[in-house]
Amino acid sequence: MYHLLRQIAKTGIKTEAPAHADAALRVAEQRLRTGILGLFGGSLAIRAVDAGSCNGCELEIHMLNNPYYNLEGLGIRFVASPRHADLLLVTGPVSRNMEAALKRTYDATPEPKLVVAVGDCGCTGGVFGESYASCGRIANVIPVDVAVPGCPPTPVALMQGILTAISSGVPR
Amino acid sequence: MTALPGAVPAWHALAESGRLPDLARTIADRGGRLAALWGADGRERGAGFALHAAFVVEASLAWIEVALPAERPRYADLSSTFPCADRMQRALRDLLGIEAEGAHDPRPWLRHGAWPADAHPLRRDVPADATWPNQVEPYAFVPVEGDGVHEIPVGPVHAGIIEPGHFRFSIVGEKVLRLEQRLGYVHKGIDKRFESMDVAAGARLAGRVSGDSTVASSWAYAMAAESIAGVTPPTRALWLRALALERERIANHLGDLGYLGNDGGLAFGLAQFMRLKEDVLRVNAQAFGHRYLMDLVVPGGAARDCDRAGIDAFLGQCTALERELRVLRSIYDDHAGLQDRFLTCGILSPDLAAKLGVIGLAGRASGQPWDARVAPAFEPYDRLAVAMKLARAGDVAARVTTRFEEIDESIRLIRAIVEQMPGGPVRTSLPAAPGGRGLGWVEGWRGEIIVALECSGGRIRRCHVHDPSWQNWPALEHAVIGNIVPDFPLINKSFNLSYSGADI
């Protein structure tokens, strides 16, 4: 236990304070809080859905919760069920084998809800395109509020995407 | 037998379909194993279909091609000799209509209803833009009956941030009697997609078969393309690739160690290891311009060089990681609660691992000595003497230990690579329109990735990227038997297999 506590003390707080991070991140943090407060009463619950990605986008979604970005510290957390979620963070392309599951996940998410499409494949179908096995971009299957390009998009880009979604007005 | 030129020892041979079962048994008896299985449609060239199998025999790859008739193409089941063939055979039937005669499992694998049973999208007379009405079909899970037995269906959308797949548990109380996986949810038609691409464009797709193994699979693809073109990349490019491959291994192992701590109830581990992983990704971005090193490995070499500042950052990180890992490993090792979760949990015995043909990291944690960096030791690993990290316990603890030790070895390798890496160019051009066939074979962080490529006139005729998850997913079904349901996430994470890589 001593070593564990010592390691925690030695590591210190890694979360990048707005003043030290790049400008984009700082703006994201400040406006993010305002946006959430306005719409979701102080917190935002995200359900991540992999609808067919290569798992590259999932790697970066995971990184959102590392001590540097500390998304949960902003009141944004990932939840285990769409029924608990305000926002779906969807990676793609949507495989045809996931088409029904994605629609059902969307339907299970209570109103008001937002959808952020993640990655080049989520935005356009990307390198996989549309085929017998792929429906292409997320918007071909469920309504999308914000699309975050990148292969994969960085954690900062993902935060900005979430910000854009919750400041885009009334959720559908 | 025709020797295929290139970075790994490989041969191509034709075999008659009647001789296949004997051939497979001979290979198995001599300690060989099935590395990949795929098929091709040659009907428009006046041939029939073909079954392709890659076997690892004494540190070389044997690519066996079996011609099959255009009408009712079938071959004798291989899964009785190599159990890992089962899902590959079912996928082959779904995509090409090539049947394994005598196979015990007739159910579809990749086909969930996006195309009908009598359609085979990978056949060449099916246009690239063909689609069918998507009608999800029911799947006959194997029922388990008895007093108090009930089922827990999980997925395809899981509770965590992970890829989709369905797990069907049959349990009594908390104890798992049987786990049945149903995968294929992220089938994206990658093999078909390759056929509309030229060799250069295919590199991007190959690097996205499983995003977490992008360096390994794009290297294996480049190896196959270079074999066809008869081109050897500049030496510096090969060393840069190895540097990138070890960085990819470290990043993935760090992430897994964090999540294994977390799933064992130690959130401290997640915070610490994800911090270290982020440090690794940032240095990757600084040195190579991409956090995950995507599109760095290209046919002919590397897309970019690394300057002295990047090299210094890598070396600095080796020192920092070594120091941090020493502390974190002793915390993991001394933490009674964590060890209680890890030890004897999710055991895959060496015997069973050998029977199932388990490879890669999970295989090595169950005593299976396969590591393509050791044998055949493709360049530059032939000059690095990689120390294989083996364990025999086959439990979660063994897979944790193997990860710690492999990171240590990768740190040693990165230092050796930086020291020995020659200067010079990092890319050479490939001839405009190469044709022929080539194989690639690279040990990624999860296990070996094999790429079989056939081109003509610079266009891809057939490309199959084989992820080690094909072999290792069935082993997970066995490893959870007798464990309690709440240990499944921990066991699953300790294997950390790719859905996308095997669903292709």
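These remarks concern the structure in this document. In this numbering scheme, every chain counts its residues from 1 along its sequence in written order. The lettering of chains begins at A and the numbering of ligands begins at 1, in the order of writing. Given that the model is predicted, a residue must reach a pLDDT of at least 70 before its local features are reported, and side-chain atom pairs must reach 80 or more before they are shown or counted; all residues, however, enter totals for whole chains, interfaces and linings. Side-chain measures were taken over the full set of non-hydrogen atoms in the model, leaving aside hydrogen atoms and water.

### Comments concerning the overall build of chain A
Then step 1. The secondary structure listing takes helices from DSSP runs of H or I that are at least 4 residues long and strands from runs of E that are at least 2 residues long, numbered from the N terminus. Within chain A one finds six helices and five strands.
Then step 2. When accessible area is computed with a 1.4 Å probe and restricted to protein chains, residues below 20% of their type maximum are described as buried, those above 50% as exposed, and intermediate ones as partly exposed. Here chain A holds 172 residues, and the buried ones make up 59% of them.
Then step 3. Carbon and sulfur atoms provide 54% of the accessible area of chain A, an area that totals close to 6600 Å². Here the accessible surface of atoms and residues is derived via Shrake-Rupley with a 1.4 Å probe, and residues count as covered only by protein chains that are part of the display.

### Considerations on the pattern of salt bridges
Residue and element names in this part refer to chain B.
Then step 1. When a carboxyl oxygen of Asp or Glu is within 4 Å of a side-chain nitrogen of Lys or Arg, the pair counts as a salt bridge. In the structure shown here, the tally under the stated rule is 44 salt bridges over all chains.
Then step 2. We note a salt bridge from Glu 448 to Arg 33, for which the minimum N-O separation is 2.8 Å. Taken together, the positions of Glu 448 in strand β14 (residues 448–456) and Arg 33 in strand β3 (residues 33–41) put the pair 415 residues apart, joining distant regions of the chain.
Then step 3. For Glu 448, a relative accessible area of 2% corresponds to the buried category.
Then step 4. Take Arg 33: its relative accessible area is 6%, and that puts it in the buried class.
Then step 5. Each of Glu 246, Arg 249, Arg 364, Asp 371, Arg 373, Glu 406 and Glu 443 takes part in a single network of salt bridges with overlapping partners.

### Topic: unusual backbone geometry
If a residue is not glycine, its phi is most likely negative; likewise, a peptide bond is most likely trans.
Residue and element names in this part refer to chain B.
Then step 1. Backbone torsion omega between Gly 155 and Pro 156 reads 20 degrees, so that peptide bond is classified as cis.
Then step 2. Secondary-structure assignment places Pro 156 in the loop between β8 (149–154) and β9 (166–172).
Then step 3. Along the chain, Ala 375 connects to Pro 376 via a cis peptide bond; the corresponding omega equals 15 degrees.
Then step 4. With respect to the element layout, Pro 376 can be found in the loop between α11 (360–364) and α12 (396–420).
Then step 5. One non-glycine residue with positive phi stands out, namely Arg 72, at about 45 degrees.
Then step 6. Its identity as a non-glycine residue notwithstanding, Ala 377 has a phi of 55 degrees, on the positive side.
Then step 7. Here Ala 377 lies in the loop between α11 and α12.
Then step 8. With a relative accessible area of 15%, Ala 377 lands in the buried category.

### Some words on helix α5 (residues 214–229) of chain B
Residues and elements named next belong to chain B.
Then step 1. The span expected for a helix works out to 1.5 Å for each residue beyond the first. Here α5 contains 16 residues, and its C-alpha end-to-end distance of 22 Å stays within 8% of the 22 Å for a straight helix at 1.5 Å per residue.
Then step 2. The element α5 is extensively covered by neighbouring structure, given that 16 of its 16 residues are classed as buried.
Then step 3. Residue Gly 230 follows α5 closely and has a positive phi angle near 65 degrees.

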